[in-house]
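The primary structure of each chain is shown beneath.
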Amino acid sequence: MADILENKKILLVIGGGIAAYKCLDLIRRLKERGVGIQAILTKGGEQFVTPLAVSSLTENKVYQDLFSLTDEAEMGHIRLSRENDLILVAPATADLMAKMAMGIADNLATATLLAANKQIMIAPTMNSQMWGNPATQANLKTLKERGMIEVPPADGELACGEEGTGRLAEVPDIIAQIEAFFLSSEDLPLSGKHILVTAGPTHENIDPVRYIANHSSGKQGYEIARALYLRGADVTLVSGPTNLKTPDGVRRVNVTSAREMMAESENALPVNAAICVAAVADWHIKNPSDQKLKKNKTGTPALDFSENPDILKTISNQADHRPKLVVGFAAESENVVDYAREKLDRKGCDWIVANDISGDVMGGDHNQVHLITNDGAEDWPHMAKAAVADKLADKITEYFED
Ligand code: C5P
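Every value quoted in this text rests on a predicted model; they were computed, and no experiment measured them.

Trainee: What exactly am I supposed to notice about the site of the ligand here?
Mentor: Inspection of the region around the ligand gives Cys276, Val277, Ala278, Val280, Pro309, Asp310, Ile311, Leu312, Gly328, Phe329, Lys343 and Lys347 as its neighbouring residues. Contact between the ligand and Ala278: an oxygen atom at 2.6 Å from a main-chain N or O atom of the residue. Contact distances for the ligand include 2.8 Å between an oxygen atom and a backbone N or O atom of Leu312. Protein coverage of the free-state accessible area of the ligand, which is 440 Å², stands at 85%. Of the pockets mapped on this structure, the ligand occupies the largest pocket. In the shell around the ligand, the residues fall into 8 nonpolar, 1 polar and 3 charged.

Trainee: Help me understand the packing of helix 11 (residues 219-230) against helix 15 (residues 385-401) in this model?
Mentor: Helix packing for two helices is described by the angle between their axes and how far apart those axes are. Running from amino to carboxyl end, helix 11 crosses helix 15 at an angle of 45°, the nearest separation of the two axes being 8 Å. On the basis of their axis angle, the class for helix 11 and helix 15 is oblique. Crossing angle aside, the handedness with which helix 11 passes helix 15 is right-handed. Residue-level inspection shows Lys219, Gln220, Glu223, Ile224, Ala227 and Leu228 of helix 11 in contact with helix 15, the latter providing Lys385, Ala386, Val388, Ala389, Asp390, Leu392, Ala393 and Ile396.

Trainee: Where do I start with the pattern of salt bridges in this structure?
Mentor: Pairing between side chains of opposite charge can happen when their charged atoms approach one another. Per the counting criterion, the structure on display carries 26 salt bridges. Of the charged contacts, one joins Lys99 and Asp95 as a salt bridge, the two residues approaching to 3.4 Å between their closest N and O atoms. With Lys99 and Asp95 both in helix 6 (residues 94-102) and 4 residues apart, the pair spans about one turn of that helix. Residue Asp95 is classed as partly exposed on the basis of its relative accessible area, which comes to 45%.

Trainee: Could you clarify how one ought to interpret the packing of helix 10 (residues 171-184) against helix 11 in this entry?
Mentor: Relative to each other, helix 10 and helix 11 sit at 45°, their axes nearing to 10 Å. Taken together, helix 10 and helix 11 sit at an angle that is classed as oblique. For the pair formed by helix 10 and helix 11, the contact residues are Glu179, Ala180 and Leu183 on the first element and Arg226, Tyr229 and Leu230 on the second.

Trainee: What am I meant to see in the nonpolar core here?
Mentor: Buried together is how nonpolar side chains tend to be arranged in soluble globular proteins. Residues Ile178, Val197, Leu228, Ile275 and Leu392 are the most contacted members of the largest nonpolar core, which totals 67 residues. Formed jointly, this core draws a minimum of three residues from each of two domains, domain 1 (9-184) and domain 2 (194-401). Once residues within four sequence positions are removed from consideration, Leu228 is found in contact with Leu190, Ile195, Val197, Ala233, Val235, Ile275, Ala393 and Ile396. Within the second largest apolar cluster, 25 residues are counted, among which are Leu66, Leu96, Met97 and Ala109.

Trainee: Explain the sheet that holds strand 21 (residues 376-379) here, please?
Mentor: Strands in a sheet are paired, the pairing made by backbone hydrogen bonds, and the direction either parallel or antiparallel. Read from one edge of the open sheet, 8 strands run 13-12-9-14-17-18-20-21, paired in mixed fashion. The two strands at the open ends of the sheet, each matched to only one other strand, are strand 13 (251-254) and strand 21. The mean inter-strand angle of the sheet, taken between neighbouring strand axes irrespective of direction, is 15°. Pairing of strand 9 (residues 194-199) with strand 14 (residues 273-276), which is carried by 4 bridges, proceeds in the parallel orientation. Bridging from a neighbouring strand, Ile195 pairs with Ala273 of strand 14. Across the sheet, helix 12 (residues 258-268) lies against strand 9, strand 12 (234-239) and strand 13, angled at about 170° from strand 9, the strand it touches most. Helix 15 contacts strand 9, strand 14, strand 17 (325-332), strand 18 (351-356), strand 20 (369-373) and strand 21 of the sheet and is inclined by roughly 165° relative to strand 18.

Trainee: Would you explain the packing of aromatic side chains in this entry?
Mentor: Each aromatic ring pair is characterised by the separation of its centres together with the angle its planes make. Per the counting criterion, the structure on display carries 4 aromatic pairs. Members of the aromatic cluster, connected to one another through ring pairs, are Trp351, Tyr399 and Phe400. The ring of Phe182 carries Lys8 above its face, with NZ or CZ at 5.3 Å from the centroid. Above the plane of the ring of Tyr63 lies Lys61, whose end atom (NZ or CZ) is 5.6 Å from the centre.

Calculation rules
Residues numbered from 1 in each chain as written. Predicted model: local features only at pLDDT ≥ 70, side-chain atom pairs only at ≥ 80, totals over all residues. Heavy atoms only, no water. Near = heavy atom within 4 Å. Polar contact = N/O pair within 3.5 Å; in protein donor to acceptor, adjacent residues only side chain to side chain. Areas by Shrake-Rupley, 256 points an atom, 1.4 Å probe, with all protein chains shown as cover. 1 Å grid on protein atoms, 1.4 Å probe; cavity = no way out; pocket = protein on both sides within 12 Å on 5 of 7 lines; lining within 4 Å. Sits in = over half its atoms within 2 Å of the grid points. Nonpolar A, V, L, I, M, F, W, Y, C, P; charged D, E, K, R; others polar. Axes fitted to C-alpha atoms, helices over the stretch in contact; angles between N-to-C directions. Helix = DSSP H or I, 4+ residues; strand = E, 2+ residues; numbered from the N terminus. Parallel < 35°, antiparallel > 145°, perpendicular 65-115°, else oblique. Left-handed = near helix turned anticlockwise from the far one by under 90°. Contact = heavy atoms within 4.5 Å. Salt bridge = Lys/Arg side-chain N within 4 Å of Asp/Glu carboxyl O. Buried < 20%, exposed > 50% of the residue type's maximum accessible area, 1.4 Å probe, protein only. Core = buried A, V, L, I, M, F, W, Y, C linked by side-chain atoms within 4.5 Å. Domains from an automatic or database assignment. Pairing = 2+ DSSP bridges. Phe/Tyr/Trp six-rings, centres within 6.5 Å; stacked < 30°, edge-to-face > 60°. Lys NZ or Arg CZ within 6 Å of the ring centre and 35° of its normal.

Now the structure itself:
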């Protein structure tokens with residue numbers, strides 16, 4: 001699938017904040033994704049980054065002056081907004097926001113913003129007192145009410161030495177918002193499809209401080225959730241405990257045990273597809289202790305186990321809400337394809353993605369899988385988990401297009 005950002009055109013308005021230097025990285029990352037960028041550099045912005053740096057990275061002329069005859073002849077401020085798909089103001093200073101809210105058009109940036117007929121996105125940054133000032137907050141409210149998208153500032157140490165809210169959002173977070181904007185305005189192949197993804201390990205309590213878990217990191221499931229979202233799906237990610245960031249746009253439901261994962265997965269139904277990637281514990285402790293088990297008190301504790309519900313099997317055999325497509329995963333260290341085919345029948349799902357766990361799969365960034373369906377088996381090369389996710393998401397897209 002083509003990158004959602006490829007061939008998009010963005011007009012970047014660089015305001016006068018110390019964080020303007022981050023724009024240079026932002027431009028590079030967007031250019032890597034095939035985005036065409038034109039930039040307006042304000043007088044303030046020019047104090048922090050040079051026109052030459054911006055122009056070299058955008059590979060375009062930088063626009064600075066409202067009354068420059070050549071700029072107006074080559075590209076008037078009206079055309080600057082018309083020729084782009086999105087206008088991003090980063091950094092958006094308190095002053096720029098105030099001028100935007102008031103409709104002031106005293107320089108090229110503010111005049112272009114006032115004349116814009118495209119979506120405007122603002123990434124504010126300033127001292128935390130300026131940010132918290134009722135004047136700034138009122139301006140922000142006005143701008144949002146008028147439909148502008150905010151990429152909120154982050155907390156942390158500010159360039160002025162103070163702590164608080166006011167740092168420019170990180171470049172990946174700004175890019176995620178840009179992606180979300182283009183995704184929401186496009187008709188994508190999985191638009192209108194609701195997909196459930198389970199991911200991560202489960203934890204089964206022994207007592208209030210101890211539990212049984214496994215080495216699953218959740219990375220593969222999270223990548224799949226992201227790849228499906230990028231194709232337009234409405235994704236519910238039921239996740240066991242992980243350290244991973246929720247993929248942008250994905251609805252995440254946190255669970256701890258297999259029984260909670262079962263309940264939340266059933267809660268998400270009906271769905272068009274369920275992708276069970278989680279490494280669910282097969283058993284839980286029958287009677288976990290309310291108190292911490294003491295060493296030496298009763299000798300070595302004997303743990304009594306009960307079987308956990310099988311989420312994949314339960315969803316595959318749903319009477320009323322059986323999703324059209326149910327995909328399971330199978331971690332195998334030998335006879336990978338044969339065991340997976342047997343699992344497909346036993347669980348009643350439609351496809352099995354069988355991973356060969358003889359390498360660094362658990363917790364690693366790569367995976368080597370085989371896709372087993374009723375039509376046969378495909379062997380996929382060893383690749384990054386993100387690439388496996390993309391390939392699987394493309395298969396799911398094809399399945400729903402048929
Ligand atoms: O039986 P096994 O654990 O090998 O099956 C793996 C597949 O079944 C995975 O898709 C996993 O998410 C799913 N599974 C489940 N609930 C369980 C056990 C496994 O959904 N209790």
